[in-house]
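So the chains spell out like this:
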Amino acid sequence: MAQQSVEMILVRQLASYLFVPVLVVDTTGTVVFYNEPAERILGVRFEETGRIDPEEADRLIELSDDPTAGPDDDGPPLVTALQQRRPAHARRWLLRRGDRVRLQVELTAFPVIDQEDRLLGAVAMFWER
Amino acid sequence: MKVTPYGVRGSLAAPGPATTRYGGNTSCVRVTGPDGAILALDAGTGIRSLALELPPGLSRVDVLLTHLHMDHIIGLGFFGPLYIPGMEVHIWGPASATLSLEARLRRYLAPPLFPVRLRDLPCRLELHQTGRGRFVVGKFHVRAARICHPGPTVGYRIETDGGSIAYLPDHEPALGARHFPMDAEWTSGFDLAQGVDLLFHDAQYTREEYPQHVGWGHSTMHDSIVFARLVGAKHLVPFHHDPARDDAALEAAIGAAVADLKPDFPVTPAAEGKSFEI
C-alpha cells in the first residue's frame, strides 16, 4: 500500500484522539479510517473491516435522507465535499447499519485539500441526534 | 556520490570547544554527483564553508531547502556563489498556501534582516517551488514530498545510478501516533526513505526530552532508529543534533539508543567534514 500524504496522516492521527466520531475517505470515496467513537455508531471495528471501498461501504452503512425530517438542500455531504471541494452539512440523516439498526445522525463533511490545491480526501464528523 | 555534512546542528549554531568533534554549524550537506554536479541540502550556517570548498570553474550549484525555518536558511545570504556574476544558482524549496518561495525568501533577504535584496544578487538566480514531485539535476534524480514538521516542509530523496540518500533533517513521524511506528501507509516520510543506502534523519531529542517537545517537529534518537528500520535504510545518519548537547553527551545518548534497539544497520552520527561515499 502506498504511503498516504502527510496531510491525510495528520488527519488520521487527530481523529484517533477525538471524542466526536470521525470517518476519513480518500478521493475515490474509499473509507481509509474511522475512529473508536465512529466504531460505536457504525457497529463495526476498524481493525475488523480495514479499508472499505465505496460499494462495500454502501452495503455496510446506508446513509439516506430521513423522510420524517424534511429535505436537505445538499446531497450526501461526503459526496459534496469530494466532488464540489467544499464543506457540507446534513442535519438529519438516517443511518441504516449492516445489522439493520437505524440511527438518526447529524453529519458534517469537509474536503482535505493540500497547500498546492490538491484534493486528498474528505473527513466526515457525525453524531447521533 | 559523495555526501559531506557542513552543518549538523539543529535550531541554533553551537560553536565552541564542546562541539568540535561533530561541529556547531546548522544544517547543510553537500552531495557531489559522479558528473561533478553539486547539491547543497539546506542553507544553515554550514553553507558558508561549503561555498569556500566549491571547485574552481563551477558554473552551477543547486540549493535544496527543506523548509524556511531560520536554522535552515540563515547561511543563504553568506553563500558565495550568489555574488558571482553569471553563476547559475538554483534554489528549490516549498511555497506556502499563500506565498511563493520567492516571497517567503524575501522576508529574510531584505532589510531590516539582511542588507542585500534577493533581486539585487548578481548571480543568475532561479527559484523552483518543490511541494512534491520529481526533478533532475545532472545525474541526480530528486524526489520531494511533504513531511511532518510545522509549516511547509519537504524531505528529499536523491538517486543516481550508484545509490540513493534520503534527507529528512526536521521530521516528527511519531507525532500523534499511539504506537510508533505505524504501518508504512500511515508513516510520514516512508516513501522518500524506503530502502535508501544512506538516511539522514532528525534525531534531536532523547526519549526523556521528547515529552516536553511534542509537536515541535523533531524526533528522538530512538524513533530515528525505529523509522530507519521500518523503511529498510542501509545506513542511518542521525542529524540535527540539539545545540545544548556537547560531543560527549551526543555520543552517550546515541550510543544508549543503539545499545537499546540494536539495529542491524550502521548508525553514524553526522559530523562536519566526515564524508560518506555511496
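Because the structure is a prediction, the values reported are computed rather than measured.

(A) Molecular detail of the packing of aromatic side chains. Per the stated rule, a full pass over the model turns up nine aromatic pairs over all chains. Measuring from ring centre to ring centre gives 5.3 Å for Phe 33 of chain A and Phe 46 of chain A, while their planes differ by 75°; the resulting arrangement is edge-to-face. On the criterion of sequence distance, the pair formed by Phe 33 of chain A in strand S2 (residues 31-34) and Phe 46 of chain A in helix H3 (residues 46-49) is long-range, its members being 13 residues apart. Classification of Phe 33 of chain A as buried rests on a relative accessible area of 7%. Classification of Phe 46 of chain A by relative accessible area gives buried; the value is 10%. Judged by centre distance (5.6 Å) and plane angle (65°), the ring pair of Tyr 167 of chain B and Phe 239 of chain B falls under edge-to-face. Of this pair, Tyr 167 of chain B sits in strand S10 (residues 163-168) while Phe 239 of chain B sits in strand S12 (residues 236-239), and the two are 72 residues apart along the sequence.

(B) A look at the sheet that holds strand S13 (residues 276-277) of chain B. All names here are of chain B. Judged by pairing direction, the sheet is mixed, and its seven strands sit side by side in the order S6-S5-S4-S3-S2-S1-S13 without closing on themselves. Pairing within the sheet leaves two strands with one partner each, and these edge strands are strand S6 (124-129) and S13. When strand S3 (residues 38-41) meets strand S4 (residues 60-64), the two strands line up parallel, connected through three bridges. Each bridged residue has a counterpart across the sheet, and for Leu 41 the counterpart in S4 is Leu 64.

(C) The arrangement of the sheet that holds strand S7 (residues 133-137) of chain B in detail. Residue and element names in this part refer to chain B. Ordered by their spatial adjacency, six strands build an open sheet running S7-S8-S9-S10-S11-S12, and the pairing between neighbours is mixed. Looking at the sheet topology across the chains shown, the edges are occupied by S7 and S12. The average undirected angle you get between the axes of adjacent strands in this sheet is 15°. By the bridge criterion, six bridges tie strand S8 (residues 140-146) to strand S9 (residues 154-160) in an arrangement that is antiparallel. What sits directly across from Ala 145, in S9, is Gly 155. Strands S10, strand S11 (198-202) and S12 of the sheet are contacted by helix H5 (residues 221-231), whose axis makes an angle of about 145° with S11.

(D) Region of the structure containing the packing of H5 of chain B against helix H6 (residues 247-261) of chain B. All names here are of chain B. Viewed as axis vectors pointing N to C, H5 and H6 meet at an angle of 45°, and their least axial separation amounts to 9 Å. Between H5 and H6, the interaxial angle falls into the category oblique. Handedness of the crossing formed by H5 with H6: right-handed. Residue-level inspection shows Met 221, His 222, Ile 225, Val 226 and Arg 229 of H5 in contact with H6, the latter providing Leu 250, Ala 253, Ile 254, Ala 257, Val 258, Asp 260 and Leu 261. Here the residues of the contact of H5 with H6 are counted per class, giving nine nonpolar, one polar and two charged.

(E) Representation of helix H5 (residues 77-84) of chain A within the structure. All names here are of chain A. Residues of H5 that are buried: Pro 77, Thr 80, Ala 81 and Leu 82. Against the buried residues of H5 lie strand S1 (22-26), strand S4 (88-97), strand S5 (102-113) and strand S6 (119-128). Residue Arg 85 follows H5 closely and has a positive phi angle near 55°.

(F) Layout of the confidence of the model for chain A. Per-residue confidence for chain A gives a mean pLDDT of 88; residues scoring 70 or more make up 91%. Averaged pLDDT values for the elements of chain A fall to 70 in strand S3 (residues 61-65) of chain A and rise to 97 in S1 of chain A.

Conventions we followed
Residues numbered from 1 in each chain as written. Chains lettered and ligands numbered in written order. Predicted model: local features only at pLDDT ≥ 70, side-chain atom pairs only at ≥ 80, totals over all residues. Heavy atoms only, no water. Phe/Tyr/Trp six-rings, centres within 6.5 Å; stacked < 30°, edge-to-face > 60°. Helix = DSSP H or I, 4+ residues; strand = E, 2+ residues; numbered from the N terminus. Buried < 20%, exposed > 50% of the residue type's maximum accessible area, 1.4 Å probe, protein only. Pairing = 2+ DSSP bridges. Axes fitted to C-alpha atoms, helices over the stretch in contact; angles between N-to-C directions. Contact = heavy atoms within 4.5 Å. Parallel < 35°, antiparallel > 145°, perpendicular 65-115°, else oblique. Left-handed = near helix turned anticlockwise from the far one by under 90°. Nonpolar A, V, L, I, M, F, W, Y, C, P; charged D, E, K, R; others polar. pLDDT = per-residue confidence, 0-100.

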